[in-house]
Amino acid sequence: MHNMPNNRMADSGDLDNKPASPAASPVPAISEEEKTIAQACLSDFESGQYGHCITKLNNLASLRPNDFKVTHNKAVTELYQSGCTRTDEFRQALHHICQQAQVLLEDSDTVEDVDHAILFYNQAVILYHLRQYREAAKILEKLFQFIEPLESLAHKVLFLLIEVYLCTHQPDKAVPSLAYLEKLLYGGNGYKSDKDKTTEGSMSQQNSRDKDNKESGDASPSPFYEKYKLKLHMYKARIYLQLKSMKNCKREIKSVITYAGMTAPACFIKSNFEYLRQNYRKAIKLLNSAPESGSVMKTGECRSAMYYNNQGCVHFYMRKYNLSAYYFRKALQENENALQELPKRSSPHSVLSGRPLCTLAINKRYELLHNSGITLLHAGRPLAAFDCLIEAVQVYHSNPRLWLRLAECCIAANKGSPEEEPKGLPSAPKKGIVQAIIGSGKHRKIIVGASDNKYSCDGQSAAIPVATLEFASICLRNAMSLLSEQEPSTPTVATGASNRPPSESDQTTASETSKLSVPAGELALPGAPLKPHEVDSLRCAVLANSAYVCLGMGDNLLALEHALNLLKQPKLSGSHKFLGHLYAAEALVSLDRIADAVGHLSPDNVTDVSITCPNLSESGGEKSGNDVASSESWTDISETPVVVARYFPATVQSARATLLFNLASAHCLRSEYEKARRCLHQACMLIPPQDIPQQALLLGVYLELQHGNTPLALQMIKKNQLLPYVKISEARHNALANQTAGVGTIQAPIGRKIRK
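Residues numbered from 1 in each chain as written. Predicted model: local features only at pLDDT ≥ 70, side-chain atom pairs only at ≥ 80, totals over all residues. Heavy atoms only, no water.

A. Structural context of the packing of aromatic side chains. Here the structure, examined in full by the defined rule, presents 17 aromatic pairs. Put simply, the rings of Tyr-275, Tyr-280, Phe-316, Tyr-317 and Tyr-321 pair up and form one aromatic cluster. Positioned above the aromatic ring of Phe-159 is the side chain of Lys-231, whose terminal nitrogen or guanidinium carbon lies 4.7 Å from the ring centre. Positioned above the aromatic ring of Phe-268, the side-chain terminus of Arg-303 is 5.9 Å from the ring centre. (Phe/Tyr/Trp six-rings, centres within 6.5 Å; stacked < 30°, edge-to-face > 60°. Lys NZ or Arg CZ within 6 Å of the ring centre and 35° of its normal.)

Structure follows, in structure tokens:
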């Protein structure tokens, strides 16, 4: 689930409001009069007298018409005079200034002059508020290469760079930047070697060195240290949260609370901390204790939508899916209410102007739709989930997991509710196998058959986004195409997601986000970047679903190809291996290659039904790709087996029983009835009688009729039981239960138990 950020560092998104001094320009020379006017402009700007500042800048511009710094300062002042609402005009002015300075703003590699750094920084601020994080990071990383000459601008560059890394779930990159920033603020002069560190321990080492410096008096903090102290602790807490370093995170949260008290950001981040520790009740209590926030126009965030979103995330992991869906619905309502508070566009041609700069990224509709869709899928409402995810995928079309979830919605919608099936084996008998009784007397006939939900698309085009297996096949192909590019040095992902005209409310958020060119293997918004072991697991899940979908559509040859490809994967979980053999056997039987299918149906093929990949702990990952929603979350909590147990065999015995039932059917097709009876006997001894599926009962009736034992077949139909097989399996299960109950005590002989 995607947990929305619980704090926004507003200062890191401010435009640099210090007018550049004309003294930096070598030609023409600066006169004393111009210096006096420049100082007066700076004084007026800092005191908020923007009108007087603009008047003086106009006078300065008449004296220095070719100085791009004067033009830039005037554009910044006009933006602040409008309350940071004239974003379109500022962007146009910024491009005009870059042309005047002969700087290509679209190419950050052209940043070579320190005097041009402020232009690129302001461009990065705009990109950040438009949620074009990759482009913003590219500019900021270039500025970081010559951070020392930037002086006070260096602090803002580093803060914004750290914020961008956290928004894109890259805390490992944020660690060295924050460590360098802290040394720069405390010691007054940083060390370039600090930014090369990529480990979590660099901040801890920095903390210990700063503590030693404070005790020994070797270094004194810069004037900015106290100003940014709270922000530093908050960033450390957020970084440690994403790194799952609970001990360090707890220390930083304590520092935040000590310094600022239980503010709304502190409550949210501490609630996130308890959420990661699976203390869900405490997380809810902290969310409820968060104080009211200010106006949306001032803060640039809808705190009520964040509250309901986080409540939905917490209740999702408490497995209260319907309650979680309710909270996400409330979050969507609050998000819409916040958008209604924003002023309308000043003109039809103004895309960004008319609203404060900090509110450009306020719309969280697509993240909330993503969360809501995942929750509804877990709640057994695949059609409602499909409606949510099909809208979210138009923005996050580079996320292979999202395409997989859409396919799962289509599969669930055409398969039936999983709650109607018991754990372990599908299609257990509920109403019996008797479909109808016709005639009377000696002409009385019993019509038997298992409930068979045959798929039909009613001629629906596969290109139309409807919850059909054909559309599921397209979604799975998109997911596989994205996963196939999860290799180093791959080109930008190109997807075929549908593009629709954005509405006015999301013109500046979702439409800009959808234009991101996300390189494969880095980002999978709105979740964290895919790790190597997650790519392997996700590929296995996509192949398994592809085989199932092809079997449902009757494309047995392609289903066999997907199943065999699944079995060839180097990192294959036990459950996916079971599904690979099962789907391959079904495809081979349909292709009349029964001899080949028998090899896949051997019970020896199943030795494990685990959901996680082998050697997962060695790869450094927390979970595998079979998780249904947790992999898209900010918190990255691993799914418990209870969440996904209904989609996979519960035990090795139930998986082997499934293979044996199918093996018996294969032997029947070859008229090997004795072998089929033995397989049926073995399968019934592995599972409880109530878990025997309808298809197995029909198979038993068919075998008895083949042996001419019509009375026993009728008895099996009336009692809805595999009578000769169930008696043996019941005795075995009772004996095993007696052995289990008598561990450590004197127990009765097994034979006595059978005689009873």
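B. Molecular detail of the pattern of salt bridges. Taken as a whole and judged by the stated rule, the model has 20 salt bridges. With its nearest N and O atoms 2.6 Å apart, the salt bridge here joins Arg-131 to Glu-367. Linking Arg-131 in the loop between helix H5 (117-129) and helix H6 (133-144) with Glu-367 in helix H17 (residues 365-378), this pair joins segments that are 236 residues apart in sequence. An identical accessibility class is assigned to Arg-131 and Glu-367; each is buried. With a shortest N-O distance of 2.8 Å, Glu-182 and Lys-236 are connected by a salt bridge. (Salt bridge = Lys/Arg side-chain N within 4 Å of Asp/Glu carboxyl O. Helix = DSSP H or I, 4+ residues; strand = E, 2+ residues; numbered from the N terminus. Buried < 20%, exposed > 50% of the residue type's maximum accessible area, 1.4 Å probe, protein only.)

C. Molecular detail of a nonpolar patch on the surface. A cluster of nonpolar side chains, Val-434, Ile-437 and Val-448, forms an exposed patch at the surface whose accessible area comes to about 200 Å². Residue placement: Val-448 occurs in strand E2 (residues 445-448). (Patch = residues over 30% accessible without salt bridge, like charges linked within 9 Å, V, L, I, M, F, W, Y side chains within 5 Å. Areas by Shrake-Rupley, 256 points an atom, 1.4 Å probe, with all protein chains shown as cover.)

D. Examining the pairing of E2 more closely. Sheet analysis places strand E1 (residues 434-438) next to E2, joined by four bridges and oriented antiparallel. Directly across from Ile-437, in E2, lies its bridge partner Ile-446. Counting the residues that bridge the hairpin from E1 to E2 gives six residues, and of these Gly-439 lies at a positive phi of roughly 80°. (Pairing = 2+ DSSP bridges.)

E. Structural detail: the confidence of the model for the chain. A residue-level look at the chain finds 73% of positions with pLDDT of 70 or above and a mean pLDDT of 77. Of the regions scoring below 50 in pLDDT, residues 188-200 engages in 36 contacts with residues more than four places distant in sequence or in other chains. Counted against residues more than four places away or in other chains, residues 735-756, with its pLDDT under 50, gives six contacts. (pLDDT = per-residue confidence, 0-100. Contact = heavy atoms within 4.5 Å.)

F. Layout of the environment of Ala-559. Examined against the element boundaries, Ala-559 turns out to sit in helix H23 (residues 556-567). Residues Ala-559 and Ala-587, spaced 28 residues apart in sequence, show a C-alpha to C-alpha distance of 6.4 Å.

G. Broad picture of the nonpolar core. Membership of the largest hydrophobic core comes to 71 residues, with the highest contact counts inside it found for Leu-140 and Leu-143. A total of 12 residues in this core trace back to one element, the largest contributor, which is helix H7 (residues 152-167). Once residues within four sequence positions are removed from consideration, Leu-143 is found in contact with Val-111, Ala-117, Phe-120, Tyr-121, Leu-150 and Val-157. If you look at the next biggest cluster of nonpolar residues, it comprises 57 residues, including Cys-388, Leu-404, Leu-483 and Leu-538. (Core = buried A, V, L, I, M, F, W, Y, C linked by side-chain atoms within 4.5 Å.)

H. How the structure looks around helix H24 (residues 574-590). Across its 17 residues, H24 extends 25 Å between first and last C-alpha, which sits within 8% of the 24 Å expected from 1.5 Å per residue. With 13 of 17 residues buried, H24 lies mostly within the body of the structure. Count one or two residues on from H24 and you reach Asp-592, which has phi positive near 60°. (Expected span 1.5 Å × (residues − 1).)

I. Summary view of unusual backbone geometry. Here the residue pair Leu-525 and Pro-526 is connected by a cis peptide bond, since its omega of 5° sits within 30 degrees of zero. Mapped onto the elements, Pro-526 comes out in the loop between helix H21 (510-513) and helix H22 (532-553). Phi angles above zero are rare outside glycine, and His-169 is one such case at about 60°. Relative to the assigned elements, His-169 resides in the loop between H7 and helix H8 (171-187). According to the relative accessible area criterion, His-169 is buried, its value standing at 8%.

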